[in-house]
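Overview (structure and organization)
So the chains spell out like this:
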Amino acid sequence: MVGITSKLSQSEIVEEFMGWLEQRNPGETEFHQAVYEVGINVLPFLLENPEYMEAEIFRRLTEPDRIIIFRVAWQDDAGNIQVNRGYRVQHNNAIGPYKGGLRFHPSVNLSILKFLAFEQTFKNSLTGLPMGGGKGGSDFDPKGKSDAEVMRFCQSFMSELYRHIGPHTDVPAGDIGVGAREISYLFGQYKRIANQFTGVLTGKGLAFGGSEMRVEATGYGCVYMMKDMLKHRGDSIGGKTAIVSGSGNVAQYTVEKLIELGAKPVTMSDSSGFIFDPAGIDEEKLAWIKELKQQRRGRISEYATAFGVEYHEGKRPWGVPCQLAFPCATQNEISREDAQTLLNNGCMGVSEGANMPSEQAAIDRFQDAKILFSPSKAANAGGVAVSGLEMAQNSMRLSWSRDELNRHLREIMLDIHNRCAVYGTESDHYVNYLKGANIAGFIKVADAMLAYGVM
Ligand code: NDP
Ligand code: 2IT
């Protein structure tokens, strides 16, 4: 293998590395994208830190510790046998047990889960809590399935996954398509098979070991990040118009915190289209959305009918003028053209609630225009941070109050902001939060890996 040598220029190093990675992981475009997004900052950093370079820490970090793939067979309500594929990517446990969500969505494949697990390793390091990185899921689509079908699928999925996880080994949680209902079925099955009541999953119900503030944590944290970025520039959220994509867990609590802080969120979306409410989504309308999405599992288009506003079928909300944007649906939902439209319309800040929602060319546009941009590994770290606090409470067999958890979440997000600023502030004082997050996240994992020797 060709090692990274300091004789090459920075761009040559990135090019050489990506050539090696792409050849080794053919066709895994989302994984390539995620590694590039970290590599553009970390590979040049290695030049100044030869101890990491000589130990090939970054190259080792692009190879997951292990990947588990398994068959998930289950019976639908009509009596037919269905077969799905289950995965767990145990990416890196240098600083703690593998930790990261499970995604149930028809698009799930190895490339997507490897990108998510890779990102998770840096994100979890950034929280300051002792958690390694992992991600898993299935190409199962919970949409349109009955509760009984979802239960049978979850039980079958856990019947295999249980042997690979544990409170000190690997602690999964929710992600797209995995919410309170799925976590409950998964935890119930784990408890039954392992005959152990442990903190093996996070995002559990409050009645059985869940933590206050976990449902809110990702969305609230994403807004706290924006608040801290604005404050760093002497500005604030109050009075600003915000656009939000998605209408799931992260989007709902992003909107909730925006309302609380006096901003005006005007859009939400799902995979079918977006609604535009120029008067602003208020507390009452948000309660309606929560009921729509959490109880009735309906479509966002119903909001347009209920409140008499515009619905844009098959479109994303990036053309709606705003000061602040919060992509909270999925990866690669903001293209270079979308980024340009946002900038043309006066957008001054983007905080990524979803994982890798901006294409690399979109990030380049935001950074060239020197607007505030927080990458997902910093902006949405509040969710896994409160998962880490759920693990701590489970280990101690007690539970903390909502106020205490909100205080912890607030402090963790501020700390992430400040560490990004330490490593990401450029000579003209522009804070490159992506660079800051990448380097701050990398150092802790790299130091642990160095200490362990070659493995
Ligand atoms: P949910 O399943 O609760 O909601 C997902 C939302 O995104 C839905 O509105 C869904 O619409 C929409 N969506 C999903 N896939 C697509 C797609 N391909 N195109 C357009 N819209 C889509 O998931 P979460 O809110 O939990 O997750 C949203 C994002 O946040 C993901 O990127 C996830 O990885 C990330 N995240 C989640 C955390 C958490 O704690 N839950 C923590 C950190 C990050 P529809 O219903 O039509 O599919
Ligand atoms: O992407 C993420 O950080 C999550 N889906 C949450 C992971 C967790 O373990 O809470």
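Above this note sits the structure.
Being a predicted model, the structure only gives us computed values, none of them experimental.

Observations concerning the sheet that holds strand β6 (residues 241-244)
The 7 strands are arranged β9-β8-β7-β6-β10-β11-β12 in an open sheet whose pairing can be described as mixed. In the strand order of this sheet, the two ends are held by β9 (310-313) and β12 (372-374), each with one partner. Ignoring strand direction, the axes of neighbouring strands in this sheet form an average angle of 15°. As defined by bridge partners, strand β7 (residues 264-270) adjoins strand β8 (residues 273-276) across 4 bridges and the pair is classed as antiparallel. The residue bridging Met268 from the neighbouring strand is Ile275, located in β8.

Overview of the pairing of strand β1 (residues 66-75)
As judged from the 10 bridges shared by β1 and strand β2 (residues 81-92), these two strands associate in the antiparallel manner. When the sheet's bridge partners are listed, Ala73 is paired in β2 with Val83. Between β1 and β2, which follow one another and run antiparallel, lie 5 residues, and Gly79 among them has a positive phi close to 95°.

Quick look at the site of ligand 2
Around ligand 2, a shell composed of 13 residues is seen, among which Lys99, Lys123, Lys135, Asp175 and Ser387 lie nearest. One of the side-chain nitrogen or oxygen atoms of Lys123 is found 2.8 Å away from an oxygen atom of ligand 2. Protein contacts shield 94% of the accessible area of ligand 2, which totals 300 Å² for the unbound molecule. Broken down by secondary-structure element, the contributors of at least two residues to the shell around ligand 2 are β3 (98-104), α5 (110-126) and α15 (381-396). Top element by residues in the shell around ligand 2 is β3. It accounts for 3 residues. When its residues are assigned to classes, the shell around ligand 2 shows 2 nonpolar, 6 polar and 5 charged.

Considering the site of ligand 1
In the vicinity of ligand 1 there are 25 residues, among which Asp175, Thr218, Ser271, Arg299 and Asn355 approach most closely. Contact distances for ligand 1 include 3.0 Å between an oxygen atom and a side-chain N or O atom of Arg103. Within the side chain of Asp175, an N or O atom sits 2.6 Å from an oxygen atom of ligand 1. Surface burial for ligand 1 is 84%, taken as the share of its 890 Å² of free accessible area covered by protein chains. Of all the elements in the fold, those that place two or more residues in the shell around ligand 1 are α8 (214-232), α9 (249-260) and β7. For the shell around ligand 1, the residue count by class is 5 nonpolar, 13 polar and 7 charged.

Definitions and limits used
- Residues numbered from 1 in each chain as written.
- Chains lettered and ligands numbered in written order.
- Predicted model: local features only at pLDDT ≥ 70, side-chain atom pairs only at ≥ 80, totals over all residues.
- Heavy atoms only, no water.
- Pairing = 2+ DSSP bridges.
- Helix = DSSP H or I, 4+ residues; strand = E, 2+ residues; numbered from the N terminus.
- Axes fitted to C-alpha atoms, helices over the stretch in contact; angles between N-to-C directions.
- Near = heavy atom within 4 Å.
- Polar contact = N/O pair within 3.5 Å; in protein donor to acceptor, adjacent residues only side chain to side chain.
- Areas by Shrake-Rupley, 256 points an atom, 1.4 Å probe, with all protein chains shown as cover.
- Nonpolar A, V, L, I, M, F, W, Y, C, P; charged D, E, K, R; others polar.

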